[in-house]
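A look at the structure
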Amino acid sequence: MSHFIDLHTHSSASDGTDAPEALIESAKKAGLGAIAITDHDCFGSEKAFGAAEKEGIEFVPGIEVSIGYPPPRGRIIEDEGIHILGLFINPEAPALKELLCEVVAEREDRNEKIARAMRDDGLPVFLEDLKKNNPGAVIGRPHFGAALVKCGAASDMNDAFFRYLNPTKKYFRKREYIEKQRCFDVIHASGGIPVIAHPLQYKYPPDEFEAFIRDMKSCGAEAMECVYTGYGPGQQRLLMSMAKRFELLPSGGSDYHGSKKSIKLGGAKVPYEYLEGLKDRLRR
Ligand SMILES: [Zn+2]
Ligand SMILES: [Zn+2]
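Calculation rules
Residues numbered from 1 in each chain as written. Chains lettered and ligands numbered in written order. Predicted model: local features only at pLDDT ≥ 70, side-chain atom pairs only at ≥ 80, totals over all residues. Helix = DSSP H or I, 4+ residues; strand = E, 2+ residues; numbered from the N terminus. Rg over C-alpha atoms; globule rule 2.2 N^0.38 Å. Buried ≥ 20, exposed ≤ 12 C-beta atoms within 10 Å, placed from the backbone. Contact = placed C-beta atoms within 7 Å. Pairing = 2+ DSSP bridges. Expected span 1.5 Å × (residues − 1). Arc of directions from axis to C-beta. Core = buried A, V, L, I, M, F, W, Y, C linked by C-beta atoms within 7 Å. Domains from an automatic or database assignment.

With respect to the overall build of the chain
- A count of helical and extended segments in the chain gives 10 helices and eight strands.
- Rg of the C-alpha trace for the chain: 19 Å, near the compact-globule value of 19 Å for 284 residues, within the 12% margin.
- The buried share of the chain, taken over its 284 residues, is 37%.
- Restricting to contacts in the chain with at least 6 residues of sequence separation, those with at least 24 account for 72%.

What about the sheet that holds strand β1 (residues 4-6)?
- Here eight strands make up an open sheet; going across it, the order is β7-β6-β5-β4-β3-β2-β1-β8 and the pairing mixed. Here the strands that pair on one side only, and so sit at the sheet edges, are β7 (249-253) and β8 (270-271).
- Bridge analysis of β1 against β8 gives two bridges, and the strand direction is antiparallel. The partner of Phe4 across the bridge, within β8, is Pro271.

A look at helix α10 (residues 272-283)
- For α10, which comprises 12 residues, the first-to-last C-alpha distance of 17 Å matches the rise-based estimate of 16 Å (1.5 Å per residue) to within 8%.
- Taken residue by residue, α10 has Tyr274, Leu275 and Leu278 as its buried positions. The buried residues of α10 occupy an angular sector of 100 degrees when the element is viewed end-on, so they sit on one face. Exposed positions of α10 whose direction lies more than 90 degrees from the buried face are Glu273, Asp280 and Arg283.

Notes on unusual backbone geometry
- At Phe88, a position not held by glycine, the phi torsion is positive, near 65 degrees.
- Looking at Phe88, the number of C-beta atoms within 10 Å reads 17, which means it is partly exposed.

Some points on the nonpolar core
- Within the largest apolar cluster, 55 residues are counted, with the highest numbers of intra-cluster contacts made by Ile24, Ile35, Val195 and Met224.
- The greatest single-element share of this core, amounting to five residues, is contributed by strand β6 (residues 223-228).
- Domain assignment of the residues forming this core places at least three in each of domain 1 (4-93 + 191-283) and domain 2 (94-189).
- One finds Val125, Leu148, Ala154 and Tyr171 within the second-largest nonpolar core, a separate group that totals 13 residues.

Focus: the domain arrangement of the chain
- Looking at the chain, the domain boundaries give domain 1 (4-93 + 191-283) and domain 2 (94-189).
- Taken over C-alpha atoms, the centre of domain 1 sits 24 Å from the centre of domain 2.
- In this complex, domain 1 contributes 21 residues to the contact, which on the side of domain 2 involves 19 residues.
- Secondary-structure elements contributing two or more residues to the side of domain 1 that touches domain 2 are β3 (58-67) and β4 (82-87).

Brief notes about the environment of Gly152
- Within the fold, Gly152 resides in the loop between α5 (141-150) and α6 (157-165).
- Look at Gly152 and you get exposed, because 8 C-beta atoms sit within 10 Å.
- Considering only alpha carbons, one finds Gly152 and Met216, 64 residues apart in sequence, at a separation of 45 Å.

With respect to the environment of Met157
- Structurally, the position occupied by Met157 is in helix α6.
- Exposure remark for Met157: the 15 C-beta atoms within 10 Å place this residue in the partly exposed category.
- Residues within four places of Met157 in sequence aside, it is in contact with Gly145, Ala146 and Val149.

Description of the pairing of β4
- Counting buried positions over the six residues of β4 gives six, a clear majority of the element.
- Burial along β4 is two-sided: the face carrying Ile82, Ile84 and Gly86 and the face carrying His83, Leu85 and Leu87 are both buried.
- In this structure, β4 lies alongside strand β5 (residues 193-196), joined through four bridges in antiparallel fashion. Residue pairing for β5: Leu87 is matched across the bridge by Ile193.

In structure tokens:
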């Protein structure tokens, strides 16, 4: 059995470019022993179960949920929330389905507000057109950006974001995030293990970082990504020691998104033992 796994990847069900079955095939080709597909706010990997069986690779059904959380003190950043993975979730669990429906409704509502604001300014931007022209895609700011370029309101995508879509600009609408405790409770209710995703990405200074991890643990986090694309040996050691201190299991993954980013599937070199630890936890 292969020594390496990848427990954080995205398929075309969210913002990745590879269909779930293709992702399984690529994982097999990359020599991985197991792969989790953790799409943003949705589970669209039903076909991955059969594909994984055919390829003889372990498949972990997963999800990545964004929760609202205060950014580091004094930092004015684009608030993207904190990301929590749910590994081994049952995609049919009613609590999970309900939560994901709410996320979709919130996004739909926000997109409709953006489109309406643009039309109020005389711009020919219609949500229905964006959906028709981007079948299967989760419509978001890049699609509105492209529409602004197309109708001549912006010269290119950078210009569209810079002038209209960034957080302080007129067509930005704040996202209403899932409340943190609910996220952990729903992952647990669907049989999953909540994992703190890419903990260094939020750029907390050391004292705030510790408070953040402690808070996540008290909400129900059971694992933390200690190995992740771009995290060097020193960072991995820091995260491993934090995980140990707060009794969190180590997890890890690449955050592969397909051909749109340069991240390599399996590139984070996550050891198979991490999966064994998570499976032990499930059995308890
Ligand atoms: Zn993420
Ligand atoms: Zn991700």
